Amino acid sequence: MENKPKKPTPTLKRNEGRHQPASERVNNFEEVALGFSYEEALVEASRCLNCKTRPCEKACPVNVKIPDFIDMLYKEDLKGAISKIYETSLFPAICGRVCPQETYCEYACVLKDKFKSVSIGRLERFVADYARKNSLMSLPKCDSHTGKKVACIGAGPSSLAVAAELVKKGYEITVFEALHKYGGVLRYGIPSFRLPREVVDFEVENLKKLGVKFIKNVLIGKSISFEELKKDFDAIYIGSGAGLPTPLNLPGENLIGVYSSNEFLTRVNLMSAYKFPEYDTPLYVGKKVIIVGGGNTAMDSARCAKRLGPEAVTVIYRRTRAEMPARAEEVENAMEEGVKFEFLTAPISLEGDEKGKLKAVKCIRMQLGRPDESGRRKPIEIKGSEFILEADSLIVAIGQSPNPLIQQTVSGLKTNKWNCLVVDENQKTSFENVYAGGDVVRGGATVLLAMKDGKAAAKAIDEALRKK
Ligand code: FAD
Ligand code: SF4
């Protein structure tokens, strides 16, 4: 156990947590946000007013009992605090790191406008890390076997949530994953400097200890058909995510040096290209890298590219910083690390040399017009404002849509116009005993929402299979 220091003096000032200095962290893939020390966590917890109306809790998609866990932390009841979080959430060390708290709980915190919100996310992370490192939580007891089998397609957070909930209820769970490692985007998309791999491993290992069976390198719809799966299992959960890249559809997109963010991040994060030649994954970025997009994927791509050592990394985004969908903290981190931004800018063509290698990107300046159907102001080209940016590589990070294999190989499974699976309020698809959730339904959302869908589906599967 860590030494507990004397109770610190309460303060009004929000603690933003310690970070690896930008000049150091651009040379490594170690975690950037260093979290709170025990004392810092207590001081931050002392800022919470324990509001009776619980606005932060209401704003959380899974209604984590925030005032209660912070109060327990403040009273140094760490075991109580982690148990309180687990009452409604499943992976607090992950959510505490990557959940966009600034739009959920911290946005609703009553201290936000005058004193800045309580650092709820960092406190959640602290409690979860402390509990993990000090083995405060023992594995839950599982109910006796029901004799029923459930298959989960994909090993992302939504399937992991289904597995975690149902294994405790006595179901035999098998998770089928197309890749050679588990965690979905938590493994191949979000870089280790935002989410250390031991945090994801811990959750997967715990599920294995509870009896969940994981099978890797299996593509459902190809290696095993959906029909075969239906014969062998009483229920199926589809958590296949949204990993299909959206192309720019511009001339020159096939040039050497042009990557989808999915390919680029997978090579870096899953296949350890940043450790080349120790790992046999070469990845050419050259001296000048351009990233197109403004979401978390664009920020992760830019920050990974920066760590591969080019002279310049530039993000081009067609709206302004205010409209960027990426977490504000990640945009700031990228800026501190020296990533440049060209706002109100869009690419119009990619130009190559005689060997078919990218050499420049023709861009145009934009201005914001009236709001479009998304509610955001529509970017409009400014005629005659074209200009050239030199580039050796370009990463396209403008959105992803559902992995299409299951939709293509299973006839009759209802989808919408974006190829997302259609589900009812219990996450049930148009097929009996087939459920779905996470990005394959939402078309690209958040870890917390994927987990929430998984929990809801697990409840519905349990109810349905008990009646059988
Ligand atoms: P995924 O995590 O995509 O997992 C799906 C899994 O299914 C994959 O492992 C895939 O290989 C597997 N699979 C697909 N098809 C098959 C098949 N036919 N057979 C077997 N396996 C299959 N959210 C946040 O909350 N905060 C963030 O900071 C954040 N950053 C992000 C950064 C990046 C780069 C990306 C891409 C996304 C980010 N997100 C973030 C979004 C978040 O990661 C996703 O919403 C979440 O991972 C969705 O979970 P999922 O389980 O639905 O799917
Ligand atoms: Fe604490 Fe803020 Fe929640 Fe109030 S709204 S209970 S101050 S975290």
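Each value, and the rule that gives it
Residues numbered from 1 in each chain as written. Chains lettered and ligands numbered in written order. Predicted model: local features only at pLDDT ≥ 70, side-chain atom pairs only at ≥ 80, totals over all residues. Heavy atoms only, no water. Helix = DSSP H or I, 4+ residues; strand = E, 2+ residues; numbered from the N terminus. Rg over C-alpha atoms; globule rule 2.2 N^0.38 Å. Buried < 20%, exposed > 50% of the residue type's maximum accessible area, 1.4 Å probe, protein only. Contact = heavy atoms within 4.5 Å. Core = buried A, V, L, I, M, F, W, Y, C linked by side-chain atoms within 4.5 Å. Domains from an automatic or database assignment. Phe/Tyr/Trp six-rings, centres within 6.5 Å; stacked < 30°, edge-to-face > 60°. Lys NZ or Arg CZ within 6 Å of the ring centre and 35° of its normal. Near = heavy atom within 4 Å. Polar contact = N/O pair within 3.5 Å; in protein donor to acceptor, adjacent residues only side chain to side chain. Areas by Shrake-Rupley, 256 points an atom, 1.4 Å probe, with all protein chains shown as cover. Nonpolar A, V, L, I, M, F, W, Y, C, P; charged D, E, K, R; others polar. Salt bridge = Lys/Arg side-chain N within 4 Å of Asp/Glu carboxyl O. Pairing = 2+ DSSP bridges. Right-handed = clockwise from strand over helix to strand, strands pointing away. Buried area = accessible area lost by both parts, 1.4 Å probe.

(A) View of the overall build of the protein chain. Of the regular secondary structure elements, the protein chain holds 19 helices and 18 strands. In terms of overall dimensions, the protein chain is globule-like: its C-alpha atoms have a radius of gyration of 23 Å, near the 23 Å expected for 468 residues. C-alpha extents for the protein chain along the principal axes are approximately 65 × 60 × 50 Å. Across the 468 residues that make up the protein chain, the buried fraction comes to 55%. Across the protein chain, the fraction of contacts at a sequence separation of at least 24, relative to all contacts at a separation of at least 6, is 69%.

(B) Seen up close, the nonpolar core. Ile66, Phe69, Leu73, Leu123, Phe126, Val127 and Ile173 are the most contacted members of the largest nonpolar core, which totals 73 residues. The leading source of residues in this core is helix α19 (residues 447-467), at 9 residues. In this structure, this core is formed jointly by two domains, domain 1 (18-133) and domain 2 (149-243 + 401-466), each of which donates at least three residues. Ignoring anything within four residues of it in the chain, the contact list for Ile173 reads Val150, Cys152, Ala163, Leu166, Val167, Gly211, Val212 and Lys213.

(C) Representation of the packing of aromatic side chains. Per the counting criterion, the structure on display carries 9 aromatic pairs. Between the aromatic rings of Phe29 and Phe193, the centroid separation amounts to 5.7 Å while the plane-to-plane angle is 55°, which identifies the pairing as tilted. One end of the pair, Phe29, is in the loop between α1 (22-25) and β2 (33-35); the other, Phe193, is in the loop between α11 (185-188) and α12 (197-210), with 164 residues separating them in the sequence. Across the pair, exposure class does not vary: Phe29 and Phe193 are buried alike. Of note, Lys112 hangs over the ring of Tyr107, and the distance from its end group to the ring centre comes to 4.3 Å. Looking at Arg132, its charged tip hangs above the ring of Phe202, at a distance of 5.9 Å from the centre.

(D) Main features of the site of ligand 1. Not every one of the 36 residues close to ligand 1 is listed here, only the nearest: Val98, Glu177, Arg194, Ile220 and Asp439. The contact in question runs from an oxygen atom of ligand 1 to an N or O atom on the side chain of Glu177, over 2.7 Å. Take Arg194: an N or O atom from its side chain is 2.8 Å from an oxygen atom of ligand 1. Alone, ligand 1 offers 1,000 Å² of accessible surface; in the complex the protein occludes 95% of this. Those elements giving two or more residues to the shell around ligand 1 turn out to be α10 (157-168), α15 (296-307) and α19. If you tally residues by element for the shell around ligand 1, the top one is α15, at 3 residues. Per-class residue counts for the shell around ligand 1 are 18 nonpolar, 14 polar and 4 charged. Here the shell around ligand 1 spans two domains, and each of domain 2 (149-243 + 401-466) and domain 3 (247-398) adds at least three residues to it.

(E) Local environment of the pattern of salt bridges. Summed over all chains, the structure comprises 38 salt bridges. Among the ionic pairs, Glu16 bridges to Arg122, the shortest N-O distance being 3.5 Å. One end of the pair, Glu16, is in the segment before β1 (18-19); the other, Arg122, is in helix α9 (residues 120-133), and 106 residues separate them in sequence. Judged by relative accessible area, which is 14%, Arg122 ranks as buried. Its salt-bridge partner being Glu205, residue Lys208 comes within 3.5 Å of it at the nearest N-O pair. With Lys208 and Glu205 both in helix α12 and 3 residues apart, the pair spans about one turn of that helix. Residue Lys208 is classed as partly exposed on the basis of its relative accessible area, which comes to 36%. Residue class for Glu205 comes out partly exposed when judged on its relative accessible area of 37%. Put simply, Arg25, Arg194, Asp300, Arg303, Arg307, Glu330, Glu336 and Glu337 are held in one network by salt bridges that share partners.

(F) Spotlight on unusual backbone geometry. Even without being a glycine, Glu76 presents a positive backbone phi close to 65°. We note that Asn249 has phi near 55°; this positive angle belongs to a residue other than glycine.

(G) Up close: the side chain of Thr174. Topologically, Thr174 is positioned in strand β4 (residues 172-176). Note on Thr174: relative accessible area 4%, which makes it buried. Once residues lying within four places of it in the same chain are set aside, the contact partners of Thr174 are Val150, Ala151, Cys152, Lys213, Ile215 and Phe233.

(H) Highlighting the pairing of strand β9 (residues 288-292). In terms of burial, β9 is a largely internal element, 4 of the 5 residues being buried. As paired elements, β9 and strand β10 (residues 312-316) share 5 bridges and run parallel to each other. Looking across to β10, one finds that Val292 is bridged to Ile316. On the question of chirality, the crossover connecting β9 to the parallel β10 by way of α15 is right-handed. With 4 bridges joining them, β9 and strand β16 (residues 393-396) adopt parallel strand pairing. Directly across from Val292, in β16, lies its bridge partner Val396.

(I) Spotlight on the domain arrangement of the protein chain. One can read the domain layout of the protein chain as domain 1 (18-133), domain 2 (149-243 + 401-466) and domain 3 (247-398). Averaged C-alpha coordinates put domain 1 and domain 2 at centres separated by 27 Å. Listed as interface residues are 21 residues of domain 1 and, on the opposing side, 23 residues of domain 2. Both sides together, the interface formed by domain 1 and domain 2 hides about 2,000 Å², and carbon and sulfur atoms give 77% of it. Among the residues of domain 1 in contact with domain 2, Leu90, Phe91 and Ile94 are the three that bury the most area, contributing 31% of the side total. Put simply, domain 1 and domain 2 have 0 salt bridges between them. Applying the counting rule to domain 1 against domain 2 returns 5 residue pairs in polar contact (both at pLDDT 80 or more). Top contributing element to the side of domain 1 that touches domain 2 by residue count: helix α6 (residues 92-98), with 5 residues. Taken together, the residues that form the side of domain 1 that touches domain 2 break down as 15 nonpolar, 2 polar and 4 charged.

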